[in-house]
Amino acid sequence: MQTLPHMDLIAKERDRVLQRTARVASMSFLTVSVICLSLPGAVHTMTLLLCFPLYLIIAVMQFQVGRSRSLGWVVPAFVAGIVAILLIAGTPGGPSQAGLSAAAQLASASLACLAIVLTTTLTRRLVLLASFIGVAGITVVALEPFQKAIPTLGLLTVGWILTALIGFWISSGVPQAVRRIASIGRAHRAERQASEIEAQRRQGARLLHDTVLATLTLLAHSGVGVSADAMRQQAGDDARLLRQLRLGATPTPQASGDYSLSTPVSETVLGTTLESVKQRFGRMGLEVRWHGTGQVLLPSDVLDAFLLALAECLENVRRHSGVTDAHVTITEDDTTVRAMITDSGVGFVLDDVDSASLGFKESVVARLKEVGGQARLFSTPGSGTTVVLEVPR
Amino acid sequence: MTYAPPEENTLGVIVGGRPRHAKSATGRRLTGDDTPRLRSLGTGYVGVGAAVLVSLRAIYGLVWLVTQWDLYPNPIPAAAAWLLLVVVIAGTITAIQLMSSQLPHWMFALFLTGLASVVALDVYAIWSLDNIGEYATSAIAAGMTLLLVLTVRPSTDIIVAVSVIGAALAVVIAVNVPLTPANFAPQITALSFAVLPTVIGLVLISNFRRLVQGELDRVLAQSTLTAPRFAVGMMASGELARLDLAAEKLLDSLANGSTKLPLSPKIASTAASLATELRLHLIEGRRATWLYHAITESDLLGKSVTLTDKGSLAGLLDPVQRDGLLSTAWLFVVDTAKRGVKNSVHIMIAPSTTAVAPGFEDKVAIGISVTSTGVIRNRIDASTWQAIAKVGSYTDSTEDSSVRLDIECLVDNPADQ
């Protein structure tokens, strides 16, 4: 729906180009004209003094044409121009060559350049035609005593046709450019959607990223408490998962160390994946003991969130509790699956610990909340910590 | 394989306030100045127009050559100058048509040499007449011939070239012509006709390029209109892919033993920052809406539009409302600025307290306030008001130099979806 360019906006942009071009063009030739007019002997001094205010008016109008679409700036410029030409032609003793040059620059170049903004609509074209007839007619007739009518008319016609052509040319060039840009916009939108899908795919590979993150975090602490061999094996496993992800699959870590590409099953057995978490923490020196049910079916997104939260809690135990084993008890009822993670470590005063520093809020609470679950934390210094995670079935 | 730490840190993308310009590859590729693609975006068309104009000018000049034929003491150099100019024009037009990109340096040099020779020959032909302005023909047309390369060479090249031609003609006139008030006007006229067309052409092409770039920027921002309620932005997948790859390389180098354990502090800290970045990127996109991406990805909006949308409510707007809101911001930034005043637009989106009108009970109301400083109320034109009306019903107020719009916007209740 949005692929159609906004024609009014584009018309405005197009007009802006035309207006600015017309402003610079008409004002530069006006400057040349006024220089010629000011040369000694070009016109009578009285004529010169009378012409200056008219040139000033034209200059103001031409400047305004550069910023306004209104025809109200264009027409007065033509009127003032015609009066100036009449004054030059009627100067006592007649204009010299320089005076004629000034008139020519004014009529065939400076005023003609306003034609650039008079090509876009029918009204404007009519104004263009009327202005040309007015300016050209009066110029030819007024200067007829000093120069032949045909060359004067020839020069005027060439000047006005060239500038009108510039106007037409730009007006037709802009929609072309806009159409091409619109097609680029469509391509860009497709690119955006593809990017979105790819990001979702990678973000969606949560279980994978969770183990990768855990390994990276271990490495960041120079692998404290983990044997080099276990570290190396874990790194190899994770690198393989990442490679599969890069090659377009969404791999899920499995218990035995061989990896299967994820299949679009809506429910996954909890037990096998719990085993992979246990193994991973085992390598890092935290013994995880499972209690309770091992065969729980959960929708895959709920399972992901559940396992991530669980692993995050175990990581906290490993890093902060000061003990090397943790107990995980899984229970279930009709509506809820519950995991209780208990350690007998140092514990902490809840209020003393900024929960954000444990990554608890972001990684545990937020993840569970997304799938409709919740987390509760109990701890006292010296008597360990218990976390209860709940997700709906 | 030895592990080499990634060269770039991508954290800047989401932490620390405003992200750096997150623009797609397409956007970057296309908005560079003077790129070949810009030619195909309409400047090529303008170039054809310039070719037509230069050709017309050449024909006009040739007519003059014929009428002046008897005045030349020796018309051969003048005719030779014209012959050369026609060859240069024809050759350049052909070369530009064949070439898909910029004119190579050597070709541009050849072109300039050709023009210089034309000027020299023409001046030589009329030297003894002592009135360059009156009799020069091809030398004047040569100045305008620079229009041909307007779209295929950087503007600075053309500015230098046209200045040199202008200065050369001015010097020649000063040396050759015994200046009097009587013969001064033709010299000025000749000089202005040699230089001004190219100057005007430069103004035109720079305005045209600005239009193309602005339009491109707008169209790229518009691609967000159909995005889902929350989106990750153009760079997210690329960044994630890069982080994943960096992690893969690091882990792989550990697994195959090329990186030794225990890790050196440098690699350990790389692992730490990779983990942090990856974590941030994995949660990215939960709160960012299309509007946030539209603003941050746009060169134009990014500079002057700020957004407060704590509840990510912008995501609830339908495509028509989004279009209206984006156009409003756009028009405020582009259109209504006073000269020299840097205008800024602040968009604030919050839940609305007003009751939803009868008949729209399934909708919820959100309040969008657009405050714009540096905008003149009466320069907001009809198309802007139309754009605002697409978003919802609005009231506007003015204080000091800022205009404030309060838009009441009805959207589908997210709870129903």
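Residues numbered from 1 in each chain as written. Chains lettered and ligands numbered in written order. Predicted model: local features only at pLDDT ≥ 70, side-chain atom pairs only at ≥ 80, totals over all residues.

J.: What exactly am I supposed to notice about the overall build of chain A here?
T.: The number of helices and strands found in chain A is eleven helices and nine strands. Per-residue burial for chain A yields a buried fraction of 47% across its 393 residues. Sequence separation of 24 or more characterises 72% of the internal contacts of chain A that already satisfy a separation of 6 or more. (Helix = DSSP H or I, 4+ residues; strand = E, 2+ residues; numbered from the N terminus. Buried ≥ 20, exposed ≤ 12 C-beta atoms within 10 Å, placed from the backbone. Contact = placed C-beta atoms within 7 Å.)

J.: Would you explain the overall build of chain B in this entry?
T.: A tally of regular secondary structure across chain B gives 14 helices and five strands. Taking all 417 residues of chain B together, the buried fraction comes to 45%.

J.: Could you clarify how one ought to interpret the sheet that holds strand S4 (residues 287-292) of chain A in this entry?
T.: All names here are of chain A. Taken together, five strands build an open sheet; the order of strands is S4-S6-S7-S9-S8 and the sheet is mixed. At either margin of the open sheet sits one strand with a lone partner, and together these are S4 and strand S8 (374-379). Going from strand to strand, the sheet's axes swing by 15° on average, the running direction of each strand aside. Taken together, the six bridges between S8 and strand S9 (residues 385-392) define a ladder with antiparallel strand orientation. Residue Ser379 lies in a different strand from S9, and its bridge partner there is Thr385. (Pairing = 2+ DSSP bridges. Axes fitted to C-alpha atoms, helices over the stretch in contact; angles between N-to-C directions.)

J.: Where do I start with the packing of helix H1 (residues 7-38) of chain A against helix H8 (residues 181-222) of chain B in this structure?
T.: Helix-helix packing is described using two parameters, namely the angle between the two axes and the distance between the axes. Where H1(A) contacts H8(B), the axes come no closer than 9 Å and their chain directions differ by 165°. Here H1(A) is positioned roughly antiparallel relative to H8(B), judged by the angle of their axes. The element H1(A) and its partner H8(B) pack so that their crossing is right-handed. Among the residues making up the contact of H1(A) with H8(B), the classes are represented as 16 nonpolar, six polar and three charged. (Parallel < 35°, antiparallel > 145°, perpendicular 65-115°, else oblique. Left-handed = near helix turned anticlockwise from the far one by under 90°. Nonpolar A, V, L, I, M, F, W, Y, C, P; charged D, E, K, R; others polar.)

J.: Please clarify how the sheet that holds strand S4 (residues 393-399) of chain B should be interpreted in this entry.
T.: Note on sheets: strands pair through backbone hydrogen bonds, and any given pair is parallel or antiparallel. Residues and elements named next belong to chain B. Spatial ordering of the open sheet is given by S1-S2-S3-S5-S4, a layout of five strands whose pairing is mixed. This sheet does not close on itself; its edge strands, each paired only once, are strand S1 (305-308) and S4. Across the sheet, the axes of successive neighbouring strands diverge by a mean angle of 15°, strand direction being ignored. Bridging between strand S3 (residues 363-373) and strand S5 (residues 402-412) involves eleven bridges; their strand directions are antiparallel. Within the sheet, the bridge partner assigned to Val370 lies in S5 and is Leu405. The strands touched by helix H14 (residues 382-391) within the sheet are S3, S4 and S5, with S5 carrying the most contacts at an inclination of about 35°.

J.: Please explain the pairing of S3(B) as it appears in this structure.
T.: Sheet faces and side chains relate simply in a regular strand, where the side chains alternate between the two faces. Across eight bridges, strand S2 (residues 344-351) of chain B lies against S3(B) in antiparallel orientation. Residue pairing across strands places B:Val345 opposite B:Ser372, the latter belonging to S3(B).

J.: Can you walk me through unusual backbone geometry in this structure?
T.: Where the residue is not glycine, phi is negative for most of them; where a peptide bond is considered, it is trans in most cases. Positioned with a positive phi, B:Asp130 is a non-glycine residue whose angle comes to about 55°. Residue classification places B:Asp130 among the exposed positions, given that 12 C-beta atoms sit within 10 Å.

J.: I'm lost on the nonpolar core in this one. Help?
T.: As a rule of thumb, soluble globular proteins bury nonpolar side chains together. Membership of the largest hydrophobic core comes to 234 residues, with the highest contact counts inside it found for A:Leu114, A:Phe306, A:Ala309, A:Leu310, A:Leu314, B:Ala247 and B:Ala329. In terms of residues, this core owes the most to one element, H8(B), which gives 20 residues. (Core = buried A, V, L, I, M, F, W, Y, C linked by C-beta atoms within 7 Å.)

J.: I keep staring at the interface of chain B and chain A and nothing clicks. Help me out?
T.: Interface size is often expressed as the accessible area that is lost when the parts come together. Each partner contributes to the interface: chain B provides 70 residues, whereas chain A provides 69 residues. Residue assignment for the side of chain B that touches chain A shows that the elements contributing at least two residues are helix H1 (25-31), helix H2 (36-68), H8, helix H9 (236-255), helix H10 (265-283) and helix H13 (319-335) of chain B. Counting residues per element, the side of chain B that touches chain A draws most heavily on H8(B), at 23 residues. When grouped by side-chain class, the residues that make up the side of chain B that touches chain A number 49 nonpolar, 15 polar and six charged.

J.: What is the right way to look at the packing of helix H4 (residues 105-126) of chain B against helix H7 (residues 155-176) of chain B in this model?
T.: Residues and elements named next belong to chain B. At a minimum axis separation of 12 Å, H4 and H7 run at an interaxial angle of 15°. It follows that H4 is roughly parallel to H7 by the angle criterion. As H4 packs across H7, the resulting crossing turns out to be right-handed. Residue-level contacts link Phe108, Leu112, Val119 and Val123 of H4 to Asp157, Ala161, Ile165, Ala168 and Val172 of H7.

J.: Explanation requested: H9(B) in the structure shown.
T.: Each full turn of the α-helix corresponds to 3.6 residues, which orients residues three or four apart in the same direction. Taking 1.5 Å per residue as the helical rise, H9(B) with its 20 residues ought to reach 28 Å, and the 28 Å between its terminal C-alpha atoms agrees with that figure. Downstream of H9(B) by a residue or two, B:Gly257 has a phi angle that is positive, lying close to 85°. (Expected span 1.5 Å × (residues − 1).)

J.: Mind showing me how you'd approach helix H2 (residues 45-65) of chain A here?
T.: Residue and element names in this part refer to chain A. Counted at 1.5 Å a residue, the expected span for H2 with its 21 residues is 30 Å, and the 30 Å between its end C-alpha atoms agrees. The sharpest bend along H2 measures roughly 25° and falls at Cys51, with the proline Pro53 sitting one to four residues further on. Turning to H2, its buried residues are Thr47, Leu48, Cys51, Leu54, Tyr55, Ile58, Met61, Gln62 and Val65. (Bend = angle between axes of the 7 residues up to and from the residue.)

J.: Which parts of the structure should I look at to understand the environment of B:Glu297?
T.: Residue and element names in this part refer to chain B. For Glu297, the position within the fold is in helix H11 (residues 290-297). Look at Glu297 and you get buried, because 25 C-beta atoms sit within 10 Å. Residues Glu297 and Asp217, spaced 80 residues apart in sequence, show a C-alpha to C-alpha distance of 8.6 Å.

J.: Would you explain the confidence of the model for chain B in this entry?
T.: Atom-level detail of predicted coordinates should not be read off regions where pLDDT is low. Confidence in the prediction for chain B averages 80 pLDDT; 85% of positions are at 70 or higher. Across the whole predicted complex the pTM is 0.69, and at the interface the ipTM reaches 0.74. (pLDDT = per-residue confidence, 0-100.)

J.: What exactly am I supposed to notice about the confidence of the model for chain A here?
T.: Model confidence for chain A is summarised by a mean pLDDT of 81, while 86% of its residues fall at 70 or above. In this model residues 254-269 of chain A is a low-confidence stretch, pLDDT under 50, and it forms 31 contacts with partners more than four residues away in sequence or in other chains.

J.: So what exactly am I meant to see when it comes to the environment of A:Val65 here?
T.: Residue placement: A:Val65 occurs in helix H2. When the C-alpha atoms of A:Val65 and A:Thr21 are compared, they prove to be 9.8 Å apart, with 44 residues separating the residues in sequence.

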